[in-house]
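Breakdown of the fold
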Amino acid sequence: MTVQMDGGASIVGWLQAAGVENVFSVSGGPINSIYRACAKQGLPLIHARHEAAACFMAESASRVTGKAGCAVVTLGPGVTNAVTPALVATMAGTPMIIIGAHSGTRSFERGAGMSYDVLPVMKGVTKWAARCIDGNRLTEYLDIAWRKMWAGRPGPVFLEVPTDILSSAVDAASASTPLSAPPAPSKAGVTAADAEALRTLCSAARRPLLLLGDETFWDRSDRTQEVVDRHGLPFSTLRLARGIVDETQERFAGPGYTACNGALRRALAEADCILLVGHHFEFDLEFGDTLGPGTRVIQVASDTELLNRNRRADLAIAASPSSFFDVLADAPPMQPDSAWVSSILTDWATEWKSQRGEDDNTGVHPIVAVDAVTDAAPGNTIFVSSHGNVDFWADARLKFSEPGRYLRAGQSGSLGAEVPYGAGASFADPEAPVIVFVGDGGVGFHVSELDTAERYGRAFIIVVLDDQKWGRSRCPSTRVLAKPTRWTCRGATGPRSPKGSAARAICAATRDRSARQSRQPSPPASRPSCRCRCAASSVLTWPISLENADNEDDAMKIWKNGNATGITPPNHFGGLTVLDVVPFSGSNFSVQVSKAPKGGGGELHHHDDWSQVFHMISGEMTFDTGKERFKLSAGQAVLFEPGDPHYTINEADEESTYLVITVKQ
Ligand SMILES: Cc1ncc(C[n+]2csc(CCOP(=O)(O)OP(=O)(O)O)c2C)c(N)n1
């Protein structure tokens, strides 16, 4: 007997068979048949407030569960609202199915309401995008989408279906019957020749470093820890691989992000053998540009496009990470130089400790906030962090014991994912507390999704690191920052917490919220909370202090140019001195601490390719651009871009101290 169903029902049946657990969506008449089918066939449909947020939620679910997420959107602008999350998923390598409506086939090219040919746009930001105009081929198209989505590096796919195809009857027998999960792509193994070459390189390695990347998340191995232990490898985890091996163990050399891990930067420069698994030398690894000249690179990836990218590997193995770990776990134990390994691990441990900020009388240091929250958070918490300045704090501080517990938009750096990621995670793993770290800018993009979580009885915590600069990084985006840098905490104890109590207030608020979350994981849960608001300074002011600059043992290496300490730079007068210059080695970024006595200053000048931020620490300085003249006092800063004329003079009675932060363009 031929069973009648419509296109929507056919799609929903396929999604269920493929293991999709939730559909995230914003409604529209053309997708009603999918809504009806979800209700009838029991596939949970989460109605968001914005299509971008719905897609971010789907992506978040995918990253938490390791299974493809799904979003359904209406035609035209419904689809274009999905463009940014599709781009984020493409850049992060997250599998996600986006189904979008189109006008009815009989209305094509007639200017139907909301209708636009958005397929070319989606082709540009997904792995595969297509339109299906035959209801009897819908599941065949979804099968194709599935294979495209998982092949090589995973990514989002888009299927567009005209509304009349969605609502018209299809022949169930023509669907891929019985509706069963599409086959998983096969995984390539390590060839005998590659295994032999691997053993040879490993036997010669004395300073090995293991870097675990995205593919290790999608292709899980239960032998990764065994590999670390057997060979005594220090390791770093990148992006989706955060938590793929327990990061609380002593062999963890910190996150695979050199911007917040100086020990890793050193390890990259000194290692004689780098095992890069399931990833390429991307931005977070400085494109591999900082590797030592004799370093041997062993790179493994299923997606052969990653192999040799940015840095040619000495041994490029086209294989799945899990098959690679199988070979490495059975290889003869490597003989690493234990003194070198422990110096890298000690460097990271020291750096981690020295990052810890203190409360001061202007508010809460962001690291205090991040630490206070994580100290109070249960072990299975899912954390989300933002971009801007927030990820610098969160990436460095957070340690994960299991995968799928840390979400950030990744290579795209897109703001706006944070709140939907939090909401999506609360659907994907209702048992786990979810905590979002986000700036006061990022939180505003999709804060209305708190309502989505609320309507479905989900709760999660948002910690707003609030530097009171809505949507802007504090330092470089404005010329004169009128307000002093101030970190405020509006936590459980009231609008401003006195020194020392802010961290406890955040801790208490987090514990309170986490407890409520775990008590009521399902409806009716407590109201999603935005109560714990903490503030961040700009990243430019975080690791830099007079105290750090005087401490040679600090993780941030201090460079003194011979007798440079105390010099008066050329074209400066009146006793202006540069005390310390602190470059971030290998980068284009340096910091100097300057002191100007009364009358000290410099002549009008400009820099062709330097941007400079002058950040006042104490006293007062007058700045003159040749056209305008202004004074700054402690906590205020000014940016001079390349070509901007400027000079400084201390017209006050007291000596002044300030930081000069220079970035080469
Ligand atoms: C979609 C998107 N738009 C703009 C940017 C550029 N951008 C990077 S950081 C930033 C400001 C972020 O402010 P906030 O969320 O308050 O975080 P903070 O930098 O203060 O920590 C902006 C606008 C971006 N990364 N993504």
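Conventions and cut-offs
- Residues numbered from 1 in each chain as written.
- Predicted model: local features only at pLDDT ≥ 70, side-chain atom pairs only at ≥ 80, totals over all residues.
- Heavy atoms only, no water.
- Helix = DSSP H or I, 4+ residues; strand = E, 2+ residues; numbered from the N terminus.
- Buried < 20%, exposed > 50% of the residue type's maximum accessible area, 1.4 Å probe, protein only.
- Phe/Tyr/Trp six-rings, centres within 6.5 Å; stacked < 30°, edge-to-face > 60°.
- Lys NZ or Arg CZ within 6 Å of the ring centre and 35° of its normal.
- Salt bridge = Lys/Arg side-chain N within 4 Å of Asp/Glu carboxyl O.
- Pairing = 2+ DSSP bridges.
- Axes fitted to C-alpha atoms, helices over the stretch in contact; angles between N-to-C directions.
- Contact = heavy atoms within 4.5 Å.
- Lys, Arg positive; Asp, Glu negative; His and termini not counted.
- Polar contact = N/O pair within 3.5 Å; in protein donor to acceptor, adjacent residues only side chain to side chain.
- Expected span 1.5 Å × (residues − 1).
- Parallel < 35°, antiparallel > 145°, perpendicular 65-115°, else oblique.
- Nonpolar A, V, L, I, M, F, W, Y, C, P; charged D, E, K, R; others polar.
- Left-handed = near helix turned anticlockwise from the far one by under 90°.
- Core = buried A, V, L, I, M, F, W, Y, C linked by side-chain atoms within 4.5 Å.
- Domains from an automatic or database assignment.

Brief notes about the environment of Ala-319
- Inspection of the secondary structure assignment puts Ala-319 in the loop between strand E14 (315-318) and helix H13 (321-330).
- Judged by its relative accessible area of 0%, Ala-319 falls in the buried class.

Quick notes on the packing of aromatic side chains
- Considering all chains together, one arrives at 18 aromatic pairs under this definition.
- Ring geometry for Trp-14 against Trp-146: centres 5.7 Å apart, planes inclined by 80 degrees, an arrangement best described as edge-to-face. Separated by 132 residues along the polypeptide, Trp-14 in helix H1 (residues 7-17) and Trp-146 in helix H7 (residues 138-150) bring together distant segments of the chain. Accessibility assignment for this pair places Trp-14 and Trp-146 in one class, buried.
- Lying across the ring of Phe-108, Arg-131 places its NZ or CZ 5.5 Å from the centre.
- Lys-399 extends its terminal NZ or CZ atom over the ring of Trp-352, reaching a point 4.2 Å from the ring centre.

Points about the pattern of salt bridges
- Enumeration according to the criterion identifies 29 salt bridges in this entry.
- Residues Lys-595 and Glu-655 are paired through a salt bridge, measuring 3.8 Å at the closest nitrogen-oxygen approach. Residue Lys-595 is found in strand E23 (residues 589-596), and its partner Glu-655 is found in the loop between strand E29 (647-649) and strand E30 (656-664); the two are separated by 60 residues along the sequence.
- With a relative accessible area of 44%, Glu-655 lands in the partly exposed category.

Details of the sheet that holds strand E9 (residues 208-212)
- Overall, parallel pairing links the six strands, which are arranged E11-E10-E9-E12-E13-E14 in an open sheet. Unpaired on one side and paired on the other, strand E11 (252-255) and E14 mark the two borders of the sheet. Averaged over all pairs of adjacent strands, the angle between their axes in this sheet comes to 15 degrees, without regard to strand direction.
- Direction of pairing for strand E12 (residues 273-277) relative to strand E13 (residues 296-301): parallel, over a ladder of five bridges. Across the sheet, the residue bridging to Leu-276 is Gln-299, located in E13.
- Where H13 meets the sheet, it contacts E9, E12, E13 and E14, and its direction lies at approximately 140 degrees from that of E12.

Describing the side chain of Asp-6
- Considering the arrangement of structural elements, one finds Asp-6 in strand E1 (residues 4-6).
- Arg-36 provides the closest opposite charge to the buried, unpaired Asp-6, separated from it by 4.1 Å.
- A distance of 3.2 Å separates a polar atom in the side chain of Asp-6 from the backbone nitrogen of Gly-8.
- Excluding anything up to four places from it in sequence, Asp-6 contacts Ser-33, Arg-36, Leu-166, Ser-167, Ser-168, Ala-169 and Val-170.

Observations regarding unusual backbone geometry
- A positive phi angle, close to 55 degrees, is found at Glu-286, a residue other than glycine.
- By secondary structure assignment, the location of Glu-286 is in the loop between E12 and E13.
- With relative accessibility at 15%, the residue Glu-286 sits in the buried group.
- A positive phi angle, near 60 degrees, is found at Phe-287, a position not held by glycine.
- Mapping Phe-287 onto the fold places it in the loop between E12 and E13.
- What makes Phe-287 partly exposed here is its relative accessible area of 37%.

Focus on H7
- With 13 residues, H7 should cover 18 Å at 1.5 Å per step; its first-to-last C-alpha distance of 19 Å lies within 8% of that length.
- For H7, the set of buried residues is Leu-138, Thr-139, Tyr-141, Leu-142, Asp-143, Ala-145, Trp-146, Met-149 and Trp-150.
- Buried residues along H7 sit against H1, strand E5 (96-102), strand E6 (128-131), strand E7 (156-162), helix H8 (163-167) and helix H10 (215-218).
- Taken from the residues just after H7, Gly-152 is the one with a positive phi, measuring 60 degrees.

What to know about the packing of helix H12 (residues 262-270) against helix H14 (residues 338-354)
- At a minimum axis separation of 8 Å, H12 and H14 run at an interaxial angle of 160 degrees. Here H12 lies roughly antiparallel to H14, going by the angle between them. Each of Gly-262, Ala-263, Arg-266, Ala-267 and Glu-270 in H12 lies in contact with H14, whose residues at this interface are Trp-340, Ser-343, Ile-344, Asp-347, Trp-348 and Glu-351.
- Of the residues that constitute the contact of H12 with H14, the class distribution is five nonpolar, two polar and four charged.

Describing the side chain of Thr-237
- Secondary-structure assignment places Thr-237 in strand E10 (residues 235-237).
- At 2.7 Å, the side chain of Thr-237 forms a polar contact with the side chain of Glu-247.
- With near-sequence residues (within four places) excluded, Thr-237 lies in contact with Leu-212, Arg-242, Gly-243, Ile-244, Glu-247, Phe-252, Gly-254, Pro-255 and Gly-256.

Overview of the packing of helix H3 (residues 51-65) against helix H17 (residues 418-428)
- Closest axis-to-axis distance for the H3/H17 pair is 7 Å, and the angle between their directions is 50 degrees. Classed by the angle they form, the pair H3 and H17 counts as oblique. You can see that H3 and H17 cross each other, and the crossing is right-handed. Residues Ala-53, Phe-56, Met-57, Glu-59, Ser-60, Ala-61, Arg-63, Val-64 and Thr-65 of H3 pack against Pro-420, Tyr-421, Ala-423, Gly-424, Ala-425 and Ala-428 of H17.
- Residue classes in the contact of H3 with H17 are distributed as ten nonpolar, three polar and two charged.

Some points on the nonpolar core
- Grouped together as the largest cluster of nonpolar side chains are 50 residues, with contacts concentrated most on Phe-24, Ile-98, Met-122, Tyr-421, Phe-460 and Ile-462.
- For this core, the element with the highest residue contribution is H3, accounting for nine residues.
- Domain assignment of the residues forming this core places at least three in each of domain 1 (7-175) and domain 3 (355-517).
- The residues touching Phe-24, leaving out its near neighbours within four places in the chain, are Ile-46, Ala-54, Met-57, Ala-58, Ala-61, Cys-70, Ala-71, Val-72 and Phe-427.

Any functional reading would require information beyond the geometric quantities listed.
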